[in-house]
Amino acid sequence: MWKEKVRGKVEELFAKAGVSFGGNADWDIQVKDDRLFEKIFSNGSLGLGEAYMNGWFECGRFDETVRRLLDKGIEKATKTWGNLFLYIESVILNRQSKRRAFVIGERHYDLGNDLFELMLDKEMVYSCAYWKNANSLDEAQENKMDLICKKLDLQPGMKVLDIGCGWGGLARHAAKEYGAEVFGISVSKEQLALAEERSKNLKVKYELMDYRDVKGNFDSILSVGQMEHVGYKNYRTYMEIVYKSLKEKGLFLLHTIGSNDSNKVTDRWIEKYIFPNSHLPSAAQITKASENLFVLEDLHNFGPDYDKTLMAWYNNFEEGWDQIQKKYGERFRRMWEFYLLSCAGAFRSRKIQLWQFVFSKGDREEIYQAVR
């Protein structure tokens with residue numbers, strides 16, 4: 001009786017989003033194990049993700065399933081005690097403290113360069129691409145790197161700090177195309193090993209370092225895909241460190257995924273399996289952290305481009321899976337599919353955004369000319 005009641009509740013909830021169990025639409029869910037319903041009922045998004053990893057259901061277009069569920073706010077109806085515990089922990093503790101800074105590198109970015117080489121573009125840029133006038137992922141990522149360099153008005157000889165430099169694609173672009181001298185920092189050993197290998201003979205230096213240990217002054221600073229790991233308790237500290245490290249009249253570009261709501265926690269499945277200690281900032285949280293430090297010169301939202309980027313990564317991952325399946329295994333494949341497709345659906349629903357902020361320090365006489 002209890003199982004039938006739970007199944008009915010979940011089916012009724014999903015039906016509000018036009019998603020059925022056993023239906024014919026691409027976004028309908030094909031049940032392989034009836035334990036799926038209690039898993040979703042008890043654990044919300046965490047349960048849905050773990051059920052997918054377990055092979056308890058299949059779906060032709062799970063990205064569309066997620067988009068439909070989020071469009072109708074179904075995630076709000078599946079809040080669980082686990083969400084409350086994560087909220088309390090996030091309030092009491094600093095989950096992004098300096099002591100925990102390298103956890104994300106070890107658990108995500110150090111998974112294996114073979115995985116990311118297979119999935120990403122040729123320069124291995126692991127952040128949202130800019131698809132304006134682009135016909136491929138390679139072109140769109142080059143567009144994004146060029147967009148950032150132009151927004152910062154990079155000139156030959158300028159010293160640039162790249163916080164969260166990844167595999168060095170943007171640092172190399174700034175050095176090769178704009179003559180900048182770039183210092184990139186990351187908390188991933190695997191990223192930096194490959195970045196150094198690919199950056200020989202360029203004016204680029206890398207170091208394994210938490211942002212709180214940055215020293216020196218720079219003409220420009222860029223932060224791409226880093227703010228998602230800083231945490232709401234540290235936003236002001238982050239901005240103060242950037243301010244201290246940026247020369248007068250310098251520009252700071254902040255590229256980040258963002259939430260429409262100011263909150264203190266992240267999705268439980270993402271937290272557990274993909275990005276530990278992560279948190280998506282709201283625009284209000286970012287601008288609050290920058291008060292009395294910077295002038296906000298420009299804010300650019302191209303969140304829908306992340307949907308397209310994630311689907312390109314998903315297609316690359318699926319096409320190349322045979323090359324790495326022995327190393328990672330079937331459960332990892334399903335976990336990674338769920339990650340890429342659910343994130344694509346979230347961007348498609350406009351529940352999360354991709355922002356580029358440009359801040360200036362000091363008294364800049366000229367009007368900032370925004371680039372698009």
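Residues numbered from 1 in each chain as written. Predicted model: local features only at pLDDT ≥ 70, side-chain atom pairs only at ≥ 80, totals over all residues. Heavy atoms only, no water.

Okay, helix α3 (residues 62–71) next. Buried residues dominate α3, accounting for 8 of its 10 residues. Every buried residue belonging to α3 is among Phe 62, Asp 63, Glu 64, Thr 65, Val 66, Arg 68, Leu 69 and Leu 70, and all of these are buried. The positive-phi residue at the C-terminal boundary of α3 is Gly 73, with phi of around 65°. (Buried < 20%, exposed > 50% of the residue type's maximum accessible area, 1.4 Å probe, protein only. Helix = DSSP H or I, 4+ residues; strand = E, 2+ residues; numbered from the N terminus.)

With that settled, the discussion passes to the packing of helix α1 (residues 2–15) against helix α2 (residues 35–54). Direction vectors running N to C along α1 and α2 enclose 70°, while the axes themselves pass 9 Å from each other. If you check the angle between α1 and α2, you find them roughly perpendicular. Seen along the crossing, α1 lies across α2 with a hand that is left-handed. Between α1 and α2, the residues in contact are Trp 2, Val 6, Arg 7, Lys 9, Val 10, Glu 11 and Phe 14 and Phe 37, Glu 38, Ile 40 and Phe 41, respectively. The residue makeup of the contact of α1 with α2, split by class, is 7 nonpolar, no polar and 4 charged. (Axes fitted to C-alpha atoms, helices over the stretch in contact; angles between N-to-C directions. Parallel < 35°, antiparallel > 145°, perpendicular 65-115°, else oblique. Left-handed = near helix turned anticlockwise from the far one by under 90°. Contact = heavy atoms within 4.5 Å. Nonpolar A, V, L, I, M, F, W, Y, C, P; charged D, E, K, R; others polar.)

Here the focus is the UniProt feature "active site" (unreviewed entry) in the chain. In the numbering used here, UniProt assigns the feature "active site" (unreviewed entry) to Cys 343. Counting through the fold element by element, Cys 343 comes out in helix α14 (residues 330–348). When its relative accessible area of 16% is taken as the criterion, Cys 343 is described as buried. Those residues within four positions of Cys 343 in sequence are excluded, and the remaining contacts are Ile 270, Leu 310 and Phe 338. (UniProt positions renumbered as here; feature names shortened; annotations may be inferred.)

Attention now moves to the layout of surface pockets. Estimates place the volume of the second largest pocket at around 200 Å³. Lining the second largest pocket are Lys 3, Glu 4, Val 6, Arg 7, Asp 33, Asp 34, Arg 35, Phe 37 and Glu 38. Elements that contribute at least two residues to the lining of the second largest pocket include exactly α1 and α2. With 4 residues, the top contributor of residues to the lining of the second largest pocket is α1. Of the residues belonging to the lining of the second largest pocket, the class tally is 2 nonpolar, no polar and 7 charged. (1 Å grid on protein atoms, 1.4 Å probe; cavity = no way out; pocket = protein on both sides within 12 Å on 5 of 7 lines; lining within 4 Å. Points joined across faces, edges and corners; volume = space filled by probe spheres on them.)

All chains considered together, the criterion is met by 32 aromatic pairs. Each ring, one from Phe 116 and one from Tyr 126, has its centre 5.1 Å from the other, and the planes form 55°; the classification is tilted. A residue pair is termed long-range when its members are at least 10 positions apart, and Phe 116 in helix α6 (residues 113–119) and Tyr 126 in the loop between α6 and α7 (137–151) qualify at 10 residues. Note on Trp 336 and Tyr 339: the rings are 4.9 Å apart at their centroids and 70° apart in plane angle, and the pair reads as edge-to-face. A residue pair is termed a helical-turn pair when its members lie 3 or 4 positions apart in one helix, as Trp 336 and Tyr 339 do in helix α14 at 3 residues. Classification of Trp 336 by relative accessible area gives buried; the value is 0%. Members of the aromatic cluster, each reached through a chain of ring pairs, are Tyr 109, Phe 116, Tyr 126, Trp 167, Phe 275, Tyr 306, Trp 313, Tyr 328, Phe 332, Trp 336, Tyr 339 and Phe 347. In this arrangement the basic side chain of Arg 68 is found over the ring face of Trp 27, its NZ or CZ atom lying 3.5 Å from the centre. (Phe/Tyr/Trp six-rings, centres within 6.5 Å; stacked < 30°, edge-to-face > 60°. Lys NZ or Arg CZ within 6 Å of the ring centre and 35° of its normal.)

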